[in-house]
Amino acid sequence: MPHDAASPAFHQHPGLLPQALKDHPRREQVRSILAAALEAADPSVAMRRFLRLEGERLFAGESEIRLAQGGRVWVVGAGKAGDPMARTAASILVKRLAGGVVIVKEGHLSPEDLHGVTLLEAGHPLPDERGVRGAMAITNLLRRAGEKDIILCLLSGGGSALLTAPAEGVTLSDLQVLTALLLASGASIHEINTLRKHLEELKGGCLARLAAPRQVVSLVLSDVVGDQLDVIASGPTVPDPTTFAEAREILARYSLLERTPPAILHRLERGVRGEIADTPKPGDPLFAQVTNAIIGSNRTACQAACQQASRLGFHSLLLTTHLQGEAHQVGRVFASIARELHASGSPLPRPACVVAGGETTVRVRGEGLGGRNQEFVLGAVADLKGLPQVALLSMATDGGDGPTDAAGAAVTGESYARALQMGMSPEDFLERNDAYHFFARLGDLLKPGPTQTNVNDIVLLFAF
């Protein structure tokens, strides 16, 4: 697959080779399969596939938008893939580009100049003041754009935390407290973003409302299971089917009402009573001027992994791109699949590569360090104990799993014994949610660094 200059190449990346497979004869093939998945999700390639400018006509996928005489294109957006998406957009729009503001995660920014589009860094997964300033810059840009201008919105995973515009009466500190509570509770991204959409000014279709009556074209790299546009980056340009009542119910569901900042509860209760206007809903005429298109997803990456595995001689199967659930429990499920592969050659004969994608969750119980991919793999360690010639890897495609410098981890049937020899009990580390330090000592963390893309997580199960 061709590369944009800003896109990393992963085929020889040492961070994709865990210690557990260091001496395995198929180790380079494993790395090649992971690399193929990452490169298939290259935002620059996806942008060039979906966006082009021909004279006075702007094409976004199957949609054609005619530029008005004197009309220009402004670029706004947020997400971990914002840098390569913005750079590619700027190279395509050239003279019709008026400028723009795109917010990216700290550490996901390339140093080169971007010809009029300002790239700003902000915190993730907890929002910070930089994200608030970036959201204000985007708001000011939308207010000054001409009515003949087009707004090109570039969204990718992480956009919800990066694009932060607290609603009236709600502070950044309130949002930080609530985000931390929700992340630790095991709430799904759908649930977390339902709350965000009702506590902020640009999410849940509100960016499109602010941009009206200008034409809005939104290109989206999906990091959400099922590719629901209203959930990705909390749907700034998409009708919002959720309500204030649903947002409040989520807090009750996870027993968070008493721990939620009072200002947030006050706003939600006012919304439930109808004292605050809800987000724009399906059928709102403002969306007649909005085009939304998904340009890449987890399925793209998983299919590329399967295809590369087949080219390398594996029997491959894409099991699902809808992987969800408590991370360590889902890890145990994959360990059971590995045992079936070993016992019966089902669902695939050896050498086998089972691929899956999605996003699990972690209910935090301890004070350890880790992320959902690391906890997923740690959950499988005990059940894989002693199983010959198998390996399980799970990785966040953005290169960052939770608040760590690792993307995920790998385990084999020998990992349990290796851990015991080092005086480590996998069960104890799991109880403390301390997967990072467990795999760091084993040398089995995956560390590709920031990948400048984000299409959820990818799981590879091998029976060699």
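Residues numbered from 1 in each chain as written. Predicted model: local features only at pLDDT ≥ 70, side-chain atom pairs only at ≥ 80, totals over all residues. Heavy atoms only, no water.

Comments concerning the sheet that holds strand β1 (residues 51-54)
Moving on, step 1. The sheet built from three strands is open, its strands ordered β1-β2-β3 with antiparallel pairing. The open sheet has two free edges, formed respectively by β1 and β3 (63-66), since each of these has just one partner strand. Ignoring strand direction, the axes of neighbouring strands in this sheet form an average angle of 20°.
Moving on, step 2. Pairing analysis gives four bridges linking β1 to strand β2 (residues 57-60), with the strands arranged antiparallel. The residue bridging L51 from the neighbouring strand is A60, located in β2.
Moving on, step 3. Strand contacts of helix α2 (residues 43-50): β1 and β2, with the helix running at about 45° to β1, the strand carrying the most contacts. (Pairing = 2+ DSSP bridges. Helix = DSSP H or I, 4+ residues; strand = E, 2+ residues; numbered from the N terminus. Axes fitted to C-alpha atoms, helices over the stretch in contact; angles between N-to-C directions. Contact = heavy atoms within 4.5 Å.)

Considerations on the pattern of salt bridges
Moving on, step 1. As enumerated under the stated definition, the model contains 28 salt bridges in all.
Moving on, step 2. R248 is paired through a salt bridge with E269; the nearest N and O atoms lie 3.6 Å apart. On the criterion of sequence distance, the pair formed by R248 in helix α9 (residues 244-253) and E269 in helix α10 (residues 262-272) is long-range, its members being 21 residues apart.
Moving on, step 3. A relative accessible area of 29% means that R248 is categorised as partly exposed.
Moving on, step 4. Overall, the relative accessible area of 28% leaves E269 in the partly exposed class.
Moving on, step 5. Between R365 and E326 there is a salt bridge; the shortest N-O distance is 3.9 Å. Residue R365 is located in the loop between β11 (352-358) and α13 (372-380), and its partner E326 is located in the loop between β10 (315-323) and α12 (327-344); the two are separated by 39 residues in the primary sequence.
Moving on, step 6. Connected through shared salt-bridge partners, K197, D230, D240, D278 and K281 make up one network. (Salt bridge = Lys/Arg side-chain N within 4 Å of Asp/Glu carboxyl O. Buried < 20%, exposed > 50% of the residue type's maximum accessible area, 1.4 Å probe, protein only.)

Observations concerning helix α6 (residues 172-185)
Moving on, step 1. Over its 14 residues, α6 runs 20 Å from end to end, which matches the ideal 20 Å to within 8%, given 1.5 Å per residue.
Moving on, step 2. Among all positions in α6, only L172, D174, L175, L178, T179, L181, L182 and S185 are buried.
Moving on, step 3. The secondary structure elements touched by the buried residues of α6 are α4 (129-144), α7 (189-197), α9 and α10.
Moving on, step 4. G186 occupies a position one or two residues after α6 and carries a positive phi of about 90°. (Expected span 1.5 Å × (residues − 1).)

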